[in-house]
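Chain and residue survey
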2 protein chains.
Amino acid sequence: MATPLLVHFLAGASGPWRITDIRSVVGPVPDPAPRLAVHEGRDPPAAAWALRAVTSNIRYTRRDEVAQLTARQEGLGRPAANRAALIPIRKTPAWWAMAQDERRAIMEEQSRHIAIGLDYLPGVARRLHHARDLGEPFDFLTWFEFPEADTARFDELLARLRATPEWDHVEAEFEVRLERDGG
Amino acid sequence: MATPLLVHFLAGASGPWRITDIRSVVGPVPDPAPRLAVHEGRDPPAAAWALRAVTSNIRYTRRDEVAQLTARQEGLGRPAANRAALIPIRKTPAWWAMAQDERRAIMEEQSRHIAIGLDYLPGVARRLHHARDLGEPFDFLTWFEFPEADTARFDELLARLRATPEWDHVEAEFEVRLERDGG
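Description of the structure in this document. (Residues numbered from 1 in each chain as written. Chains lettered and ligands numbered in written order. Predicted model: local features only at pLDDT ≥ 70, side-chain atom pairs only at ≥ 80, totals over all residues. Heavy atoms only, no water.)

**Observations concerning the overall build of chain A**
- Helices and strands together make up the secondary structure of chain A, namely five helices and eight strands.
- Listing each helix as α and each strand as β along chain A from the N terminus yields β-β-β-β-α-β-α-α-α-β-β-α-β.
- In terms of C-alpha radius of gyration, chain A reaches 16 Å, essentially the compact-globule figure of 16 Å for 183 residues.
- For chain A, the spread of C-alpha atoms along the three principal axes comes to 45 × 35 × 30 Å.
- Taking the contacts inside chain A whose residues are at least 6 apart along the sequence as the reference set, 78% of them involve residues at least 24 apart.
- Carbon and sulfur atoms form 54% of the exposed surface of chain A, whose accessible area is close to 8,100 Å².
- The averaged location of the 27 negative side-chain charges in chain A is 2 Å from the averaged location of its 24 positive side-chain charges. (Helix = DSSP H or I, 4+ residues; strand = E, 2+ residues; numbered from the N terminus. Rg over C-alpha atoms; globule rule 2.2 N^0.38 Å. Contact = heavy atoms within 4.5 Å. Areas by Shrake-Rupley, 256 points an atom, 1.4 Å probe, with all protein chains shown as cover. Lys, Arg positive; Asp, Glu negative; His and termini not counted. Charge placed at Lys NZ, Arg CZ, Asp CG, Glu CD.)

This is the structure:
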């Protein structure tokens, strides 16, 4: 685990990803834009709209679960992964007021969030970014990359997660769907 | 638990707290300064040096432990609490690479960090601030307030914590000791 990496997701006229859709799950969506760039580090270029967050340390995952994830997951930037999704999520104040064991129980023992994600590895790669402590409008930005052939599987992953008790605590969520140039 | 609060600790010519000492525990200390102010929110005034961090959600504490803390702890700003300390800490990369259960085991099951803190309530009030995800030089800034009569007890609290296995993972730490005007 390296130092937290600040990441900006920049929507506008440029960037390697073509935005194919912005769809609401709960709450409003940002303005349409043609393209999206992922900027790692400080001082991002100007954009039509931007969301920022940091990779950070693990918050819930146990060592045995980390071992399973590490054995199966692949990184970002695979040539075959020509589809992507950016999903910002904000959870309720009641969620954030819970103790650590209460959040862990809902997330994994009741909702199997980590276990469900394992079912879609290595096809669906993901990177979680934390934004709540930065004062941003969303708590998490998750970035997913997958081959076009895994699109239906990715949709299934989202449907399974959204049917869990954990999602009762999601108060805002939208999806940005993307295709990479040449993909 | 409210929204994360951004807090700046500002050392310089002004502020209600008089800096009586800056002492190293591990690693370098900042320049001397006469006074310290605690600025809540964005856009802090200029200062000789500043450290910033956010209050955030609970990371390790279980519901039963939260209940014990809540029953006994008092807030900041008590008139009798005329002494304070600001203690920045940075933990090792190896600490941050651990899974959640590994960090919890070292912190509480082996080191009894939460239980030790309970022994000093309500005399020693504290507020923990997180800075790692902000790209700051320290991971945590803890602010303590206590009556002058509790100074020896506060020193004992620090000595007990620093003798635990958790502190093997602390790679930088210093103390700023303070007295309030009129105190």
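**What about the interface of chain A and chain B?**
- The interface of chain A with chain B comprises 28 residues on the first partner and 28 residues on the second.
- Buried area between chain A and chain B, both sides added, is near 2,300 Å², and the carbon and sulfur share of it is 43%.
- Sorting the residues of chain A by area buried against chain B places R63(A), R132(A) and D133(A) first, and these three jointly supply 25% of that buried surface.
- Summed over the shared surface of chain A and chain B, the result is four salt bridges.
- Those elements that provide at least two residues to the side of chain A that touches chain B are α1 (63–72) and α3 (100–110) of chain A.
- If one sorts the elements of the side of chain A that touches chain B by residue count, α3(A) sits on top with four residues. (Buried area = accessible area lost by both parts, 1.4 Å probe. Salt bridge = Lys/Arg side-chain N within 4 Å of Asp/Glu carboxyl O.)

**Regarding the environment of R35(B)**
All names here are of chain B.
- Position of R35 among the secondary structure elements: in strand β3 (residues 35–40).
- On the accessibility criterion, R35 (18% relative accessible area) is buried.
- C-alpha of R35 to C-alpha of Q73: the two residues are 38 residues apart in sequence and 27 Å apart in space.
- Those residues in contact with R35 that lie beyond four places of it in its chain are L10, A11, G12, A13, S14, G15, P16, W17, R18, I19 and D181.
- Only 2.6 Å separates the side chain of R35 from the side chain of D181, close enough to count as a polar contact. (Buried < 20%, exposed > 50% of the residue type's maximum accessible area, 1.4 Å probe, protein only. Polar contact = N/O pair within 3.5 Å; in protein donor to acceptor, adjacent residues only side chain to side chain.)

**Quick word on α1(A)**
All names here are of chain A.
- Listing the buried residues of α1 in full gives E65, V66 and L69. One side of α1 carries all its buried residues, which in axial view fall inside an arc of 100°.
- For α1, the secondary structure elements touched by its buried residues are α3 and α4 (113–118). (Arc of directions from axis to C-beta.)

**Description of the side chain of K91(A)**
Residue and element names in this part refer to chain A.
- Mapped onto the secondary structure, K91 falls in strand β5 (residues 83–91).
- On the basis of relative accessibility, which here comes to 7%, the residue K91 falls in the buried class.
- Discounting residues that sit within four places of it in the chain, K91 has contacts with W96, D139, F140, E166, H169, V170 and E171.

**Section: the relation of the copies chain A and chain B**
- When chain A is brought onto chain B, the operation consists of a screw motion whose angular component is 180° and whose axial shift is 0.0 Å, with 0.0 Å RMSD remaining. In the structure described here, the two chain copies are related by an operation that fits a two-fold rotation axis.
- Of the interface residues in chain A, 100% have counterparts in chain B that sit at the interface too, so the contact is made through matching surfaces. (Least-squares fit on C-alpha atoms with pLDDT ≥ 70 in both.)

**Quick word on the pairing of β3(B)**
Residues and elements named next belong to chain B.
- Taken together, the six bridges between strand β1 (residues 6–12) and β3 define a ladder with antiparallel strand orientation. Paired with F9 across the two strands is V38, which belongs to β3.
- Sheet analysis places strand β2 (residues 17–26) next to β3, joined by two bridges and oriented antiparallel. What sits directly across from R18, in β3, is R35. (Pairing = 2+ DSSP bridges.)

**Quick word on the side chain of Q100(B)**
- Locating Q100(B) in the fold gives a position in helix α3 (residues 100–110).
- At a separation of 2.9 Å, a polar atom in the side chain of Q100(B) contacts the main-chain carbonyl oxygen of R59(B).
- The residues contacting Q100(B), other than those within four sequence positions of it, are I58(A), R59(A), Y60(A), T61(A), Q100(A), R59(B) and Y60(B).

**Topic: empty space enclosed by the protein**
- With the rule as written, the count across this model stands at three cavities of 30 Å³ or more.
- In this structure, the largest cavity is lined by 17 residues; those nearest its centre are N57(A), R59(A), Q100(A), R59(B) and Q100(B).
- Elements that contribute at least two residues to the lining of the largest cavity include exactly α3 of chain A together with α3 of chain B.
- When the residues that make up the lining of the largest cavity are grouped by side-chain class, the tally is seven nonpolar, six polar and four charged.
- Put simply, the second largest cavity is a space of about 80 Å³.
- Lining the second largest cavity, in full, are V54(A), R59(A), W96(A), H130(A), A131(A), R132(A), D133(A), L134(A), D139(A), F140(A), N57(B) and D133(B).
- Here the residues of the lining of the second largest cavity are counted per class, giving five nonpolar, two polar and five charged. (1 Å grid on protein atoms, 1.4 Å probe; cavity = no way out; pocket = protein on both sides within 12 Å on 5 of 7 lines; lining within 4 Å. Points joined across faces, edges and corners; volume = space filled by probe spheres on them. Nonpolar A, V, L, I, M, F, W, Y, C, P; charged D, E, K, R; others polar.)

**Some thoughts on the nonpolar core**
- I87(A), I89(A), W95(A), V124(A), F144(A), F154(A) and L157(A) are the most contacted members of the largest nonpolar core, which has 25 residues in total.
- Taken together, the elements giving at least two residues each to this core come down to β5, α2 (93–96), α3, α4, β7 (140–146) and α5 (151–162) of chain A.
- For this core, the element with the most residues is α5(A), which contributes four residues.
- The next biggest cluster of nonpolar side chains, apart from the first, holds 22 residues, and it includes W95(B), W96(B), F154(B) and V170(B). (Core = buried A, V, L, I, M, F, W, Y, C linked by side-chain atoms within 4.5 Å.)

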